[in-house]
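Listed below, chain by chain, are the residues.
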Amino acid sequence: MKIGLFVPCYVDALYPEVAVATYKLLKYYGLDVTYPERQTCCGQPMANAGFERMSKHLINSYDELFKDFDYVVAPSASCASYIRFYYPSIMKREHHECIAPKKTTDIVEFLHDVLKVDHVPGKFPHVVSVHNSCHGVRELGLSAPSERGIVPFNKIVDLLNLVEGITVKEPERKDECCGFGGMFSVEEPAVSTRMGENKIARHMATGAEYVTGADSSCLMHMEGIARREKKPIKFIHVAQILAAGL
């Protein structure tokens, strides 16, 4: 199985350790992994600001770089969902079909749904609270949206329960937004901050030492608030926990 590793721009710039953990995990399972060096931003920030048509050249570049892989794996639920669900609709208006977006997955759904892993290398003797990001829940289906009233499931929790020594918790109102929302945090900073404070409080109420999730952007938002307000809680991407010790 040939895997193309897509590393979102903010992960590359701010959280390269998340990308390294993702690569190590994929190699651990014996996969042929390639990181195309000409990759760039997926265009999600541009689209969130209302300029999605200006991102066509990014879509074409992405498709050209990744179309020959069996799967494209990204350590970002929001970027993976944007590529998979919005690239085709944008390019449909241009009468152009994209190949790579259909193969694009988040690292959690790839491990859980494609590889169906039953063991992970990680050892993490800590209490963690799981953050369910909006894109992951409502577009990628990483967990059950509470508003739908369906049987609960959580793929992040399933994977974390394979980690030796870990204690997994979930906060009250477990799939409520943290307030980041990309451009929302820029346009409505006061509301965004208050939402983040409320979310952090619920995570801390579980007794967790760490908050984890599939989106570094959400974790970055909450970590910034927590650091500024000197709250005793740490943040770590789920891929880093699963790959701990590699």
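Read on for a plain summary of the structure. Here the structure is a predicted model, which is why all the values come from computation and not from measurement.

Right, let's get into the sheet that holds strand β6 (residues 167-169). Taken together, the four strands give an open sheet; going across it, the order is β6-β5-β7-β8, and neighbouring strands pair in parallel fashion. Here the strands that pair on one side only, and so sit at the sheet edges, are β6 and β8 (234-237). Shown here is a sheet whose adjacent strand axes are inclined to one another by a mean of 35 degrees, direction ignored. As paired strands, strand β5 (residues 127-131) and strand β7 (residues 210-213) are joined by four bridges and run parallel to one another. Among the inter-strand pairings, S129 is bridged to a residue of β7, identified as V211.

Let's shift gears to the packing of helix α10 (residues 189-204) against helix α11 (residues 216-228). At a closest axis distance of 9 Å, the pairing of α10 and α11 adopts a crossing angle of 85 degrees. Considering the angle they form, α10 stands roughly perpendicular to α11. Between α10 and α11, the contacting residues are S192, T193, G196, E197, K199, I200 and H203 on the first element and H221, M222, I225, A226 and R228 on the second. Tallied by class, residues from the contact of α10 with α11 come to four nonpolar, five polar and three charged.

Next up on the list: the side chain of D106. Its place among the elements puts D106 in strand β4 (residues 104-106). Within the buried set, D106 has no salt-bridge partner at all; the shortest N-O distance to an opposite charge, 8.2 Å, is to R84. A distance of 2.8 Å separates a polar side-chain atom of D106 from the backbone nitrogen of V108. Those residues in contact with D106 that sit more than four places away from it in its chain are V73, A74, P75, S76, A77, A80, L140, L142 and A214.

Attention shifts here to the pairing of β5. Walk down a regular strand and you will see the side chains alternate between the two sheet faces. The buried fraction of β5 is high, at five of five residues. Pairing of β5 with β6, which is carried by three bridges, proceeds in the parallel orientation. The residue bridging V128 from the neighbouring strand is V168, located in β6.

This part covers the packing of helix α4 (residues 56-66) against helix α5 (residues 77-92). Axis separation between α4 and α5 bottoms out at 11 Å; the angle between their running directions is 115 degrees. When you trace α4 past α5, the crossing you get is left-handed. Of α5, the residues touching α4 (which contributes K56, L58, I59, N60 and Y62) are I83, Y87, I90 and M91.

On to the state of the cysteines. All chains considered together, the criterion is met by zero disulfides. With no disulfide of its own, C41 lies closest to C9 among cysteine sulfurs, the gap being 3.6 Å. We note that C79 lacks a disulfide partner, and the nearest cysteine sulfur, in C42, lies 4.0 Å from it. Using a relative accessible area of 5% as the deciding quantity, one classes C79 as buried.

The strands making up a sheet associate through backbone hydrogen bonding, with each pair oriented either parallel or antiparallel. Here four strands make up an open sheet; going across it, the order is β2-β1-β3-β4 and the pairing parallel. The open sheet has two edge strands with one neighbour each: β2 (32-34) and β4. Each strand axis lies, on average, 35 degrees off the axis of its neighbour in the sheet, ignoring direction. Looking at chain direction, strand β1 (residues 2-5) and β2 are connected through three bridges and run parallel. Bridging from a neighbouring strand, K2 pairs with D32 of β2.

Procedures and definitions
- Residues numbered from 1 in each chain as written.
- Predicted model: local features only at pLDDT ≥ 70, side-chain atom pairs only at ≥ 80, totals over all residues.
- Heavy atoms only, no water.
- Pairing = 2+ DSSP bridges.
- Helix = DSSP H or I, 4+ residues; strand = E, 2+ residues; numbered from the N terminus.
- Axes fitted to C-alpha atoms, helices over the stretch in contact; angles between N-to-C directions.
- Parallel < 35°, antiparallel > 145°, perpendicular 65-115°, else oblique.
- Contact = heavy atoms within 4.5 Å.
- Nonpolar A, V, L, I, M, F, W, Y, C, P; charged D, E, K, R; others polar.
- Buried < 20%, exposed > 50% of the residue type's maximum accessible area, 1.4 Å probe, protein only.
- Lys, Arg positive; Asp, Glu negative; His and termini not counted.
- Salt bridge = Lys/Arg side-chain N within 4 Å of Asp/Glu carboxyl O.
- Polar contact = N/O pair within 3.5 Å; in protein donor to acceptor, adjacent residues only side chain to side chain.
- Left-handed = near helix turned anticlockwise from the far one by under 90°.
- Disulfide = S-S within 2.5 Å.

Interpretation in functional terms is not warranted from these geometric data alone.
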